[in-house]
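As a plain string of letters, each chain reads:
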Amino acid sequence: MQNLIRFLLRYYFVILFIAIETLSISLLINNNNYQNSKFVGFTRSLSGTFYGKINNIRQYLKLKEENKRLAEENVRLKNYLSSLEEPPGENKLLPENISDTVMEKQYHYNKARVINNSINKQHNYITLDKGSEDGIEPEMGVVADDGVVGIVHGVSDHFSTVISVLNNELKISAKHKNSGYFGSLTWNGEDYQYVRLQEIPLHTKLSNGDSIVTSGYSTIFPEDILIGFVDEWEEKGGSFYEINVRLSLDFKKLSHVYIIQNSFADEQKTIEEIGIK
């Protein structure tokens, strides 16, 4: 109590000055429309800025939850679109009232989160937070919203490793979308933003920006998933082009992916092995 009294006695004039100034300003604002409107506008602007900052912080803290929700929504949409596609072997001559077991959807998408990733090695791999307990198996394709990611290589109970597109031992069957001509797509181990597509015939009409997509000639990826865009090309061996492809996916920003399960993969492999024999 004594300290409080000493403080009041010591700063008596300052406190009195502040009180009188506050009263004067209050009277000025309350009795003058112009000053009142300016003050109200200032306080609204100040509070709006404050609440805006608070809202931005709240939205930032919710980004993880929002990303998870969006990934789940994308999975639902991808699976729905996949169910609308006509799988190979569908008999269009069957009457509508006769069921056909081949009508089940061919591709199913499982979301996964990237927990490790590399882009600066010759053999780059990606680690995902899904494994065999989630139905993941080797040789399943992995894609993201912006393009192809790679192929599942190893699987444990709760994790899986993916051979990245940025691995010079990985080859993907890809095609020039406008012409339909396909070839082998690989990474040369240099720039993480570019890969090379080989064996495209010289009579193919190429333009900068043409889409390069998956060919669908395997059990791993559906047809027409975006890989990248034609950047430049050169003649190789007198009969083919080698195309420099700018990847549509930025591997430095990779966080969420989708693992593709092909319901007909085993059946296709079996019939192809019989054909080879």
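Residues numbered from 1 in each chain as written. Predicted model: local features only at pLDDT ≥ 70, side-chain atom pairs only at ≥ 80, totals over all residues. Heavy atoms only, no water.

> Sorry, what's going on with the overall build of the chain here?
Tallying secondary structure elements over the chain gives five helices and 12 strands in all. For the chain, the computed accessible surface area is about 18,400 Å², with 53% contributed by carbon and sulfur atoms. (Helix = DSSP H or I, 4+ residues; strand = E, 2+ residues; numbered from the N terminus. Areas by Shrake-Rupley, 256 points an atom, 1.4 Å probe, with all protein chains shown as cover.)

> Looking at this model, I keep getting lost on the side chain of asparagine 110. Mind explaining?
Along the chain, asparagine 110 falls in strand β1 (residues 107-117). Judged by its relative accessible area of 18%, asparagine 110 is buried. Of the polar contacts made by the side chain of asparagine 110, one reaches the side chain of histidine 108; its length is 3.5 Å. (Buried < 20%, exposed > 50% of the residue type's maximum accessible area, 1.4 Å probe, protein only. Polar contact = N/O pair within 3.5 Å; in protein donor to acceptor, adjacent residues only side chain to side chain.)

> Just to check I follow, could you spell out the confidence of the model for the chain for this structure?
The predicted coordinates should not be examined in detail at positions where pLDDT is low. Of all residues in the chain, 70% have pLDDT values of 70 or greater, and the mean over the chain is 80. Under a pLDDT of 50 for its full length, residues 86-103 has, in the predicted model, 13 contacts with residues more than four places off or in other chains. (pLDDT = per-residue confidence, 0-100. Contact = heavy atoms within 4.5 Å.)

> Can you help me understand the sheet that holds strand β7 (residues 182-186) in this one?
Note: strands within a sheet are paired through backbone hydrogen bonds, in either parallel or antiparallel orientation. If you walk around this closed barrel you meet the six strands as β6-β7-β8-β11-β10-β9, and the pairing is antiparallel. The mean inter-strand angle of the sheet, taken between neighbouring strand axes irrespective of direction, is 40°. Pairing of strand β9 (residues 211-214) with strand β10 (residues 226-236), which is carried by three bridges, proceeds in the antiparallel orientation. Pairing of serine 211 across the sheet is with phenylalanine 229, part of β10. (Pairing = 2+ DSSP bridges. Axes fitted to C-alpha atoms, helices over the stretch in contact; angles between N-to-C directions.)

> I keep staring at the nonpolar core and nothing clicks. Help me out?
Nonpolar side chains in soluble globular proteins tend to be buried together. Within the largest apolar cluster, 47 residues are counted, with the highest numbers of intra-cluster contacts made by Leu128, Val149, Phe251 and Leu254. Setting aside chain neighbours within four positions, we find phenylalanine 251 in contact with Asn117, Ile119, Ile126, Val148, Val149, Ser164, Val165 and Leu166. (Core = buried A, V, L, I, M, F, W, Y, C linked by side-chain atoms within 4.5 Å.)

> What is the right way to read unusual backbone geometry from this model?
Peptide bonds are mostly trans, and most non-glycine residues show a negative phi. The backbone of glutamate 139 shows a phi angle near 70°, a positive value even though the residue is not glycine. Along the chain, glutamate 139 falls in the loop between β2 (123-128) and β3 (141-144).

> Just to check I follow, could you spell out the pattern of salt bridges for this structure?
Where charged atoms from two side chains of opposite charge come close, those side chains can pair. By the definition in use, this model includes six salt bridges. We note a salt bridge from glutamate 139 to lysine 269, for which the minimum N-O separation is 3.0 Å. Here lysine 269 lies in helix α5 (residues 265-276) and glutamate 139 lies in the loop between β2 and β3, a separation of 130 residues in the sequence. Look at glutamate 139 and you get partly exposed, because its relative accessible area is 45%. Between arginine 196 and glutamate 234 there is a salt bridge, with the nearest N and O atoms lying 2.9 Å from each other. Highlighted residues: arginine 196 in strand β8 (residues 194-201) and glutamate 234 in strand β10, separated in sequence by 38 residues. Residue arginine 196 is classed as buried on the basis of its relative accessible area, which comes to 14%. Residue classification places glutamate 234 among the partly exposed residues on the basis of a relative accessible area of 37%. (Salt bridge = Lys/Arg side-chain N within 4 Å of Asp/Glu carboxyl O.)

> I tried to follow the sheet that holds strand β12 (residues 256-262) on my own but got confused; where do I start?
With respect to topology, six strands assemble into a closed barrel ordered β1-β2-β5-β4-β3-β12, the strand pairing being antiparallel. Pairs of neighbouring strands in the sheet enclose a mean axial angle of 45°, with direction left out of account. Pairing geometry for strand β4 (residues 147-155) and strand β5 (residues 160-167), over five bridges, is antiparallel. Across the sheet, valine 152 pairs through a bridge with valine 162, a residue of β5.

> How should the side chain of lysine 175 be read in this particular structure?
Tracing the backbone shows lysine 175 in strand β6 (residues 172-176). Overall, the relative accessible area of 10% leaves lysine 175 in the buried class. Once residues within four sequence positions are removed from consideration, lysine 175 is found in contact with Gly180, Tyr181, Phe182, Ser211, Ile212, Val213, Thr214, Ser215, Glu223 and Asp224.

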